[in-house]
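Summary of structural features
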Amino acid sequence: MKLQFTIEGGNFSNAGHAASEIKKMLKQLGIEARCIRNIVIAMYEAEVNVVAHAFEGQILVDIETDKITTEIIDKGPGIPDIELAMQEGYSTASKKVREMGFGAGMGLPNIKKNTDEFYIESTVNSGTTLKMINYF
Amino acid sequence: MSPAKRYHALTIDEQKCMGCTHCMKVCPTEAIRVAGGLAEIRADRCVDCGHCMRACPVKAIYVEQDDLQNIQSFKYRVVLFPAVMIGQFPEKYTEDQIYAALLKIGFTHVFEVEQPIGILKTSIKEYCRKSPDNRPHISTFCPAIVRLIQIRYPSLTENLIKRKAPHDLVAHFAISELKKQGAKEEEIGLFYVTPCNAKISSVKSPVGETESIVDGIINMDAIYNRVMKAIDDSEAADTSARRQNLTRDGILWSLTRGEARNFGERSMAIDGIHNVIRFLERLENEEVPDIDFLELRACDQSCAGGIMMTGNRFLTVERLERRAKRYPPTWKLQNSPAIKESKQLKQKLVADTIIPKPAFSLDKDRKRALEKMARAQRIICFLPGIDCGACGAPNCQALAEDMVNGKAKMSDCIFLQQMWENEGKIDTKKALRNVEKKWGEKRFQADCNKRGRRNEGF
Ligand SMILES: Nc1ncnc2c1ncn2[C@@H]1O[C@H](COP(=O)(O)OP(=O)(O)OP(=O)(O)O)[C@@H](O)[C@H]1O
Ligand code: SF4
Ligand SMILES: [Mg+2]
């Protein structure tokens, strides 16, 4: 089953909406609690990254009987050095974002930790695409 | 009662239920549906929070209780009641007068539930220290919350503190105290006064024990009425000796922050089940900061707002806070004989692991669940999204889910049916019969005396 959500850059009050929706559905599918937790955490981090660092984005979710595939595609500044961005503690978050409790530089590492497969592509001045797969 | 089946204390009085949508709309777990003009509660989803009782305009939802007459068959007739009970009485009645009235009703011994709180406090502290992984530690005090986590937030069951609640302990405490006075166990009758139906369920089907050691349950409102009848304005005998183990922390325990104030560097207290739900959603997504201890209660103002409490909840809190000031803090009593000698009680404190009981899956088989979900998504496209409840389900989404589970049909939606009528797909008589099936025959005829005609109760 395919689902689609949009993300608005800069709107922190809406961040996490898609993750909550997906969580509710995964519970209805009877997916194991720990597995749901991993997926939701990864998704939430990815959503917040778009809100905090990019202009707008889209989430495409595909739920199959054995796995969930999520793509988060954004239009934004892109990431110049992905390897650096993936390091724990690395963050370019603005002071304003930090004051909201984000910007510890743990988002991307957390996404990787909580997914079975994780791919990231980025073009500077264009945007970033994340793809993550979790097997149930 | 087999332990696999949970006891629920809520019953719907079919004579009184008029078939409306109030209870269905407030239920935090969408456990209620209306059919044949009557509300029905789905046991696997009910968490016993009592919100439906509060919302019912005709008082059709009630809580069964044991007959107070039963106490007469015991030599030692013990009433166990939570300290919050004192708070609901009008100020002019003293603690001594309330105790005197309880004795007059026929009890021989009076125990406030929170007496062994010192032991529990130490034990919870120890547990939190020894299991640093499962933070935030979530209190298991409110049975409705424990159940909510089991069915709706199964991943958080690991965070629940494996310690029992005061109401689980006081019975053991009372027995050990009475045995010291020479009582035999079979001579002791224990009667627990409850502020809510959630505690009834947990006393009647305790986790990890085959049967309850309590001999009967008395609803708080019933005992309130009995006490008010028996109470005497004149000078009552001094009963303070019966409260010698009661502490300030004990009295405050069941109020909001009553637990949270005692534990962790960072603790939070949330009351009201809808507030709790919003918070648990975030907690599950790991959207909350590092919290050590979480106190969660189903009722607004915690047990002062219990469904069977009579007084105004805010006045109750105020009276208890003033009362608490007159009692010593727990640490002052830690060396009292009753607390020191209660080794046995310490073992009783340890609770079993609480297992998840997820109640929201569409099908046991994942493939079928996915198909059902896709079907529900398609059905939703046809429903109007008004969430009116006229179909007997709390909202359009819930109706769609009921449909894919074969528990409802398209024509249950009154708006869809209206459209079909307009398109000549269904005749008017059949359409009316359909709504009557949901809401009861003759439900729509003018009748000034029909049940709930003016929403009595508002
Ligand atoms: N979608 C994105 N578009 C542009 N830059 C991004 C995006 N996602 C991450 N980044 C860059 O990668 C850095 C690291 O991201 P990461 O999510 O690990 O940390 P953070 O968002 O800064 O802080 P935290 O996630 O802990 O709140 C970010 O500071 C930002 O520079
Ligand atoms: S808050 Fe207290 S009165 Fe309310 S359901 Fe929980 S235990 Fe019962
Ligand atoms: Mg981030």
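Higher on the page you've got the structure.
To keep things clear, this report deals only with the structure shown in the data block. (Residues numbered from 1 in each chain as written. Chains lettered and ligands numbered in written order. Predicted model: local features only at pLDDT ≥ 70, side-chain atom pairs only at ≥ 80, totals over all residues. Heavy atoms only, no water.)

1. Quick look at the interface of chain B and chain A
A common way to report how large an interface is uses the accessible area buried once the components associate. Formally: Any two residues whose heavy atoms approach within 4.5 Å are treated as being in contact. The quantity reported as buried area is the accessible area (1.4 Å probe) lost by two parts once they are put together, taken as the sum for both. Salt bridges, as used here, are contacts in which a Lys or Arg side-chain nitrogen is within 4 Å of a carboxyl oxygen on Asp or Glu.
Each partner contributes to the interface: chain B provides 25 residues, whereas chain A provides 23 residues. Both faces combined, the contact of chain B with chain A buries some 2,100 Å², and carbon together with sulfur accounts for 55% of it. At the junction of chain B with chain A, the criterion picks out 4 salt bridges. Residue B:Glu281 is joined to A:Lys23 by a salt bridge in which the shortest nitrogen-to-oxygen separation is 2.7 Å.

2. Some points on the layout of surface pockets
Formally: Each cavity reported here is a set of points on a 1 Å grid over the protein atoms alone in which a 1.4 Å probe fits but cannot get out, each pocket an open set with protein on both sides within 12 Å along at least five of seven lines, and each lining residue one with an atom within 4 Å of a point. Grid points are joined across faces, edges and corners, and a volume is the space filled by probe spheres set on the points. We count a stretch as a helix when DSSP gives it H or I for four or more residues in a row; a strand needs E for two or more, and each element gets its number in order from the N terminus. Note on residue categories: nonpolar means Ala, Val, Leu, Ile, Met, Phe, Trp, Tyr, Cys or Pro, charged means Asp, Glu, Lys or Arg, and polar means any other residue, Gly included.
Roughly 1,200 Å³ of internal volume is contained in the second largest pocket. Among the secondary structure elements, those contributing two or more residues to the lining of the second largest pocket are α2 (33–53) of chain A together with α16 (396–404) of chain B. It is α2(A) that contributes the most residues to the lining of the second largest pocket, 6 residues altogether. In terms of residue class, the lining of the second largest pocket is built from 19 nonpolar, 9 polar and 20 charged.

3. So, the side chain of B:Glu287
Stated precisely, the cut-off is as follows: Residue burial is assigned from relative accessible area. The probe radius is 1.4 Å, only protein chains are included, and a residue is buried under 20% of its type maximum, exposed over 50%, and partly exposed in between. In the analysis that follows, any N or O atom pair within 3.5 Å is treated as a polar contact, provided that within protein one partner can donate a hydrogen and the other can accept it, and provided that, for residues neighboring in sequence, both atoms belong to side chains.
Relative to the helices and strands, B:Glu287 is located in the loop between α11 (273–284) and β11 (293–297). B:Glu287 sits in the buried class, given a relative accessible area of 16%. Within the local environment of B:Glu287, its side chain forms a polar contact with the side chain of B:Asn285, the two groups lying 2.8 Å apart. Apart from the residues lying within four places of it in its own chain, the contact partners of B:Glu287 are A:Gly16, A:Tyr44 and B:Arg282.

4. Remarks on the pairing of strand β10 (residues 267–271) of chain B
For the record, the criterion: Here, a strand pair is defined by DSSP locating no fewer than two bridges between the strands.
Note: β10(B) against β11(B), 5 bridges, orientation parallel. Looking at β11(B), one finds that B:Ala269 is bridged to B:Glu295.

5. Let's talk about the site of ligand 1
All names here are of chain A. Formally: We define proximity as follows: a residue is near a molecule or strand when any one of its heavy atoms falls within 4 Å of that partner. We get accessible surface area from the Shrake-Rupley algorithm with a probe of 1.4 Å; when it comes to residues, only the shown protein chains can shield them.
In the vicinity of ligand 1 lie 20 residues, with His53, Ser91, Thr92, Gly103 and Met106 positioned nearest. Between Asn49 and ligand 1, the recorded distance is 2.9 Å, taken from a side-chain N or O atom to an oxygen atom. Between an oxygen atom of ligand 1 and a main-chain N or O atom of Met106, the distance comes to 2.8 Å. Contact with the protein chains hides 93% of the accessible area of ligand 1, taken as 590 Å² for the molecule alone. Elements with a minimum of two residues in the shell around ligand 1: α2 and α5 (107–113). Classifying every residue of the shell around ligand 1 by side-chain character gives 9 nonpolar, 9 polar and 2 charged.

6. Considering the sheet that holds strand β3 (residues 67–75) of chain A
Residue and element names in this part refer to chain A. For clarity, the threshold we go by: The axes are straight lines fitted to the C-alpha atoms, using for helices just the contacting stretch, and the angles between their N-to-C directions are given from 0 to 180°.
The antiparallel open sheet is built from 5 strands, whose spatial order is β1-β2-β3-β5-β4. Of all strands in the sheet, those bounded by a partner on one side alone are β1 (2–8) and β4 (117–123). Neighbour-to-neighbour, the strand axes of the sheet open up by a mean angle of 10°, direction not taken into account. In terms of strand pairing, strand β2 (residues 56–63) meets β3 through 8 bridges, oriented antiparallel. Paired with Ile63 across the bridge in β3 is Ile68. Strand contacts of helix α1 (residues 17–28): β1, β2 and β3, with the helix running at about 155° to β1, the strand carrying the most contacts.

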